[in-house]
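Survey of secondary and tertiary structure
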There are 2 protein chains.
Amino acid sequence: MRWNKISDAVIRRLPLYLRVLDDLAEDGDTELISSQELGVKAGVGPALVRKDLAWFGEFGKQGVGYEVSFLRDELRKILNLDQELAVALVGVGSLGGALTRYHLKRFAEDPSFSLNLVALFDTDPKKVGTTIEGIPIFALDQLEEQVQALGIKLAMITVPADQAQKVADLLIKAGIQGILNFAPVKLQAPTGVQVASADLSLELQRLAYYIPATNEN
Amino acid sequence: MRWNKISDAVIRRLPLYLRVLDDLAEDGDTELISSQELGVKAGVGPALVRKDLAWFGEFGKQGVGYEVSFLRDELRKILNLDQELAVALVGVGSLGGALTRYHLKRFAEDPSFSLNLVALFDTDPKKVGTTIEGIPIFALDQLEEQVQALGIKLAMITVPADQAQKVADLLIKAGIQGILNFAPVKLQAPTGVQVASADLSLELQRLAYYIPATNEN
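None of these values were measured; they are calculated from a predicted model.

Each helix and strand counted, chain A has eight helices and ten strands in total. Along the first, second and third principal axes, the C-alpha set of chain A runs to 60 × 60 × 35 Å. Counting only residues that meet the buried cut, chain A has 40% of its 217 residues in that class. Counting only contacts in chain A whose residues sit at least 6 apart along the sequence, the fraction spanning at least 24 positions is 57%.

What follows is the structure, given as structure tokens:
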């Protein structure tokens, strides 16, 4: 079941709600949560919480709230996270290597995280054939084959900017429809392929806007 | 000069426009750009480009377009990037170390990037007093002192989730008003402090939503 016309702004908040519910489920004390409380913890207004969730069904009861474990399971299903998803990373430089370790640690600490990094890719013949924390590094021309073999669904790109579009094209050709791009470049992708940008420079540049004017003495 | 009531959705797109203009200025061939072309390159609709820029003044001429170097300079001023800004990073683990190298490389390749990483902070006594690529690592209790001494304006947080709020509180107490948070946790901050999340897990979870249903045979 897919809900085709739901705005990405809504989808973007679902993982925030899921994180709150995951934390509550881990603590184990809370069986019910109000939209008010869920909103505060997720950093979203309570009316918006109710509106977002209503797109997908009737999950709560007026005056009672949402059942934590039920809503958590439903959100997992909606986000395709009720199954383990195989993820690849292309570009094993210092950022790629660090993200690999970070991701594996996250996954080890929280098996319900569901996103499992299974393969790395690089063009450097010295890296190909080695592993990082047990994850194999393949050559870029093995991409299509490994996407098939390992059932890879999502990919992260951590190659230099001038290589990123080429890598994205290869990923898309191999059937990947969700890409998280760390390279500081806007990627072109056909309809049906979702590209998210994790361009850290852009975020910092945005933050710079909010720096208060310095008093000039 | 600040424009207080402009939506963050607008501010978020300005660095995208700036990047296009930076690339064009680097090539040096293009003196004028239409909103159409700027939009395509930035991945934003042309009407939205015109609307976004109109918030800050009259930068283009109907039927002629925008002068690349002029608009670039104006966007730098709006984003406070017409000066070099000192940035700190707290948490020199594998992700923090990789981001430090990544950021320095970016800054070295493009001096107009303006965001200069000048100080690292950690609690590990073995790391304090050492450097990464020449950037000193200070103890966390030197934060306030160094923010003053080095004129630090923005900070990145790459500490574990359970430490992130404490670090954010210290940064805010030291006068930092822009924080880019990599820890997978929602940070509380007073009005006037901008916190951007670079939570990579959330982005991947969002992308998972778009994975097409597998055919069940």
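There is more to say, and it comes next.
It is at 9 Å that the axes of helix H5 (residues 94-109) of chain A and helix H5 (residues 94-109) of chain B come closest, and there the two elements cross at 160°. Judged by the inter-axis angle, H5 of chain A sits roughly antiparallel to H5 of chain B. For the pair H5 of chain A and H5 of chain B, the sense of crossing is left-handed. In this structure, H5 of chain A contributes Ser94, Leu95, Gly97, Ala98, Arg101 and Tyr102 of chain A to the contact, and H5 of chain B contributes Ser94, Leu95, Gly97, Ala98, Arg101 and Tyr102 of chain B. For the contact of H5 of chain A with H5 of chain B, the residue count by class is six nonpolar, four polar and two charged.

All right, on to the environment of Val92 of chain B then. Residues and elements named next belong to chain B. Looking at where Val92 falls in the secondary structure, it is placed in the loop between strand E4 (85-90) and H5. Among the residues examined, Val92 registers 23 C-beta atoms within 10 Å and is labelled buried. In this structure the C-alpha to C-alpha distance between Val92 and Ile137, which are 45 residues apart in sequence, comes to 8.2 Å. Residues contacting Val92, with those up to four places away along its chain left out, are Gly97, Leu120, Asp122, Lys127, Ile132 and Ile137.

This next bit is on the interface of chain A and chain B. Taken residue by residue, the interface counts 46 residues in chain A and 47 residues in chain B. Counting only elements with at least two residues in the side of chain A that touches chain B, the list comes to helix H1 (8-27), strand E4 (85-90), H5, strand E8 (152-157), strand E9 (178-181), strand E10 (194-197) and helix H8 (200-209) of chain A.

All right, on to the nonpolar core then. Formed by 119 residues in total, the largest nonpolar core has its most connected members in Val87, Ala155 and Ile157 of chain A together with Val87, Ala155 and Ile157 of chain B. Ignoring any residue separated from it by four or fewer positions in sequence, one finds Ala155 of chain A in contact with Val87, Ala88, Leu89, Val90, Leu171, Ile176 and Ile179 of chain A.

Let's shift gears to helix H3 (residues 46-54) of chain A. Residues and elements named next belong to chain A. Among all positions of H3, only Val49, Asp52 and Leu53 are buried. Looking down the long axis of H3, one finds its buried residues gathered within 90° of arc, a one-sided arrangement. For H3, exposure combined with an orientation more than 90 degrees from the buried face picks out Ala47 and Ala54. Packing partners of the buried residues in H3 comprise H1 and helix H2 (35-42).

Attention now moves to the relation of the copies chain A and chain B. Its rotation angle being 180°, the transformation that places chain A on chain B also includes 0.0 Å of axial translation and leaves an RMSD of 0.0 Å. One copy is carried onto the other by what is essentially a two-fold rotation axis. In terms of C-alpha distance to the rotation axis, chain A has Ala98 of chain A as its closest residue, with the C-alpha 3.0 Å off the axis. Looking at chain A, 100% of its interface residues are interface residues in chain B too, so the copies touch through the same face.

Residue and element names in this part refer to chain A. Relative to the helices and strands, Ala164 is located in helix H7 (residues 161-173). Each C-alpha atom of the pair Ala164 and Pro184 lies 8.8 Å from the other, and the pair is 20 residues apart in sequence. Once residues within four sequence positions are removed from consideration, Ala164 is found in contact with Ile157, Val159, Asn181, Ala183, Val185 and Leu187.

All right, on to the domain arrangement of chain A then. Parsing chain A into structural domains produces domain 1 (8-78) and domain 2 (85-203). The gap between the C-alpha centroids of domain 1 of chain A and domain 2 of chain A is 30 Å.

With that settled, consider the sheet that holds strand E6 (residues 131-132) of chain B. Taking strand neighbours across the sheet as the criterion, the seven strands line up as E6-E7-E5-E4-E8-E9-E10 (chain B) in an open arrangement whose pairing is mixed. Looking at the sheet topology across the chains shown, the edges are occupied by E6 and strand E10 (194-197) of chain B. Where strand E5 (residues 115-122) of chain B lies against strand E7 (residues 135-139) of chain B, three bridges are found, and the strand directions are parallel. What sits directly across from Asp122 of chain B, in E7 of chain B, is Ala139 of chain B. Packed onto the sheet, H8 of chain A meets E4, E5, strand E8 (152-157), strand E9 (178-181) and E10 of chain B and runs at close to 160° relative to E9 of chain B. Along the sheet face, helix H6 (residues 143-150) of chain B touches E4, E5, E7 and E8 of chain B and points at about 160° away from the line of E5 of chain B.

Analysis parameters
Residues numbered from 1 in each chain as written. Chains lettered and ligands numbered in written order. Predicted model: local features only at pLDDT ≥ 70, side-chain atom pairs only at ≥ 80, totals over all residues. Helix = DSSP H or I, 4+ residues; strand = E, 2+ residues; numbered from the N terminus. Buried ≥ 20, exposed ≤ 12 C-beta atoms within 10 Å, placed from the backbone. Contact = placed C-beta atoms within 7 Å. Axes fitted to C-alpha atoms, helices over the stretch in contact; angles between N-to-C directions. Parallel < 35°, antiparallel > 145°, perpendicular 65-115°, else oblique. Left-handed = near helix turned anticlockwise from the far one by under 90°. Nonpolar A, V, L, I, M, F, W, Y, C, P; charged D, E, K, R; others polar. Core = buried A, V, L, I, M, F, W, Y, C linked by C-beta atoms within 7 Å. Arc of directions from axis to C-beta. Least-squares fit on C-alpha atoms with pLDDT ≥ 70 in both. Domains from an automatic or database assignment. Pairing = 2+ DSSP bridges.

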